[in-house]
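Residue-level listing of the chains:
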Amino acid sequence: MPPAVTHVVGARPNFMKAAPVVAALGRMGVEQTLVHTGQHYDDEMSKVFFRDLAIPTPDVDLGVGAGSHAEQTAALLIALERTLLSDRPAWLVVYGDVNSTLAATLVASKLGIRVAHVEAGLRSFDRTMPEEVNRIVSDALADLLFVTSPEALVHLGHEGVAAHKVHFSGNPMIDTLLGNLDRFDVESVRDRHDLRGDYALATLHRPGNVDATDAAALAVQALREITQHLPLVLPLHPRGRGRLRSAGIEDVADLHITPPLGYVEFVSLMRGASLVLTDSGGIQEETTVLGIPCLTLRPNTERPITIHQGTNRLVDADGVGRAVKEVLDAPAGRPVSVPPLWDGKAGERIAAVIGGALVGATA
Ligand code: UD1
């Protein structure tokens, strides 16, 4: 009997988006399978999230791994086509904007399997980002599009996506954040990382910041600016490790470099930080909900709501020092304004729509 729904996940940011949708469909008794492409394969980039978030063990692990975009996407296409041909689910659910999302959407569309895209419609309008290409193609092909933020509705409208396919469901990554709030223990992570007073937290992994020598030098300069004010913890993503080392990251005083961290440990550190520097998409959203000032080291963002309504601002390496001073001088206790429907119930809303589509299909 084919599963009603197959979820494809592959890279770290997929896992916290999928967890609430898989759980909600499970509560509805929907037959599901979970495919892990293996785009991220280190335990600390993958397994730890399944444990932390109690996501069921994947039914299939394709073990695709790393490569150039063409190599990785080609391997994903071949492996996913085999799996979906044998499973033939009624619906495929994909998440976010990583290469696994693009490949799964493309394969399913050509096999006539309907696709639901969670976190549709975000646009940075910067096609030098691989994620932007992945978003545009996935949204063009998807049959159901779940939107996390109102501006995404506008983008999809401009791109001619039929309104009946689009659902403003809220943000499942925030479901995961709110559902785990009582596990984020700032005091214990402070002890574990030997942090006595205030501190900052950083993550950097975008190709634009870590792939080229010049960019990596600027990234290290940005980190050094922060350490002039606060000790800084940097869980270092495998991408860019080499380049950042060559750019002198290990010589920055008061910079605590750690391996990538699990979800609960990382968000606990985020919750206790005076500020966060990042180039991640999800962290712009999580800091907004937690009310932690966020400096995004990028020229643009596909998540402008985190600037207009949240705690985020875009910076370049030269502007980091000034931005840090402004954040630290700002009066404490700024009220937190959470974007609409970032309320912990997005997974339920997404599952309800998919459940309705399944009933429609069998009626
Ligand atoms: C991918 C996503 C990006 C997302 C990020 C989150 C795409 C195009 N990019 O970027 O949108 O923000 O994940 O982490 O899909 N590596 C390991 N161990 C792992 C995984 C990767 O060592 O478990 C190394 C490999 O050398 C690989 C490099 O990291 O070449 C980059 O991995 P890749 O999956 O190509 O993209 P990310 O930079 O992780």
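The notes below deal with the structure included here. Everything numeric here is computed off the predicted structure, so don't read it as measured data.

## What about helix α1 (residues 12–27)?
- For α1, with 16 residues, the first-to-last C-alpha span of 24 Å sits near the 22 Å given by 1.5 Å per residue.
- Largest kink in α1: about 35°, centred on alanine 18, with the proline proline 20 one to four residues after it.
- Turning to α1, its buried residues are Asn14, Phe15, Met16, Lys17, Ala18, Ala19, Pro20, Val21, Val22, Ala24 and Leu25.
- Positive phi shows up at glycine 29, right after α1, with a value of about 80°.

## Re the packing of helix α12 (residues 263–272) against helix α13 (residues 282–290)
- Direction vectors running N to C along α12 and α13 enclose 55°, while the axes themselves pass 10 Å from each other. Considering their axes alone, α12 and α13 lie oblique with respect to each other. The two elements α12 and α13 cross, and the hand of that crossing is right-handed. Along the contact surface, α12 presents Tyr263, Phe266, Val267, Met270 and Arg271, while α13 presents Ile283, Glu286, Thr287 and Leu290.
- Partitioned by chemical class, the residues of the contact of α12 with α13 number six nonpolar, one polar and two charged.

## Digging into the sheet that holds strand β8 (residues 200–202)
- In space, the six strands of this open sheet follow the order β10-β9-β8-β11-β12-β13, with parallel pairing throughout. Of all strands in the sheet, those with a lone pairing partner are β10 (255–258) and β13 (312–315), marking the two edges. Neighbour to neighbour, the strand axes of the sheet diverge by 20° on average, direction disregarded.
- With four bridges connecting them, strand β9 (residues 232–235) and β10 associate as parallel partners. Across the sheet, proline 235 pairs through a bridge with threonine 258, a residue of β10.
- With respect to the sheet, α13 is in contact with β11 (275–278), β12 (294–297) and β13, its orientation differing from that of β11 by roughly 165°.

Reading guide: rules and limits
Residues numbered from 1 in each chain as written. Predicted model: local features only at pLDDT ≥ 70, side-chain atom pairs only at ≥ 80, totals over all residues. Heavy atoms only, no water. Helix = DSSP H or I, 4+ residues; strand = E, 2+ residues; numbered from the N terminus. Expected span 1.5 Å × (residues − 1). Bend = angle between axes of the 7 residues up to and from the residue. Buried < 20%, exposed > 50% of the residue type's maximum accessible area, 1.4 Å probe, protein only. Axes fitted to C-alpha atoms, helices over the stretch in contact; angles between N-to-C directions. Parallel < 35°, antiparallel > 145°, perpendicular 65-115°, else oblique. Left-handed = near helix turned anticlockwise from the far one by under 90°. Contact = heavy atoms within 4.5 Å. Nonpolar A, V, L, I, M, F, W, Y, C, P; charged D, E, K, R; others polar. Pairing = 2+ DSSP bridges.

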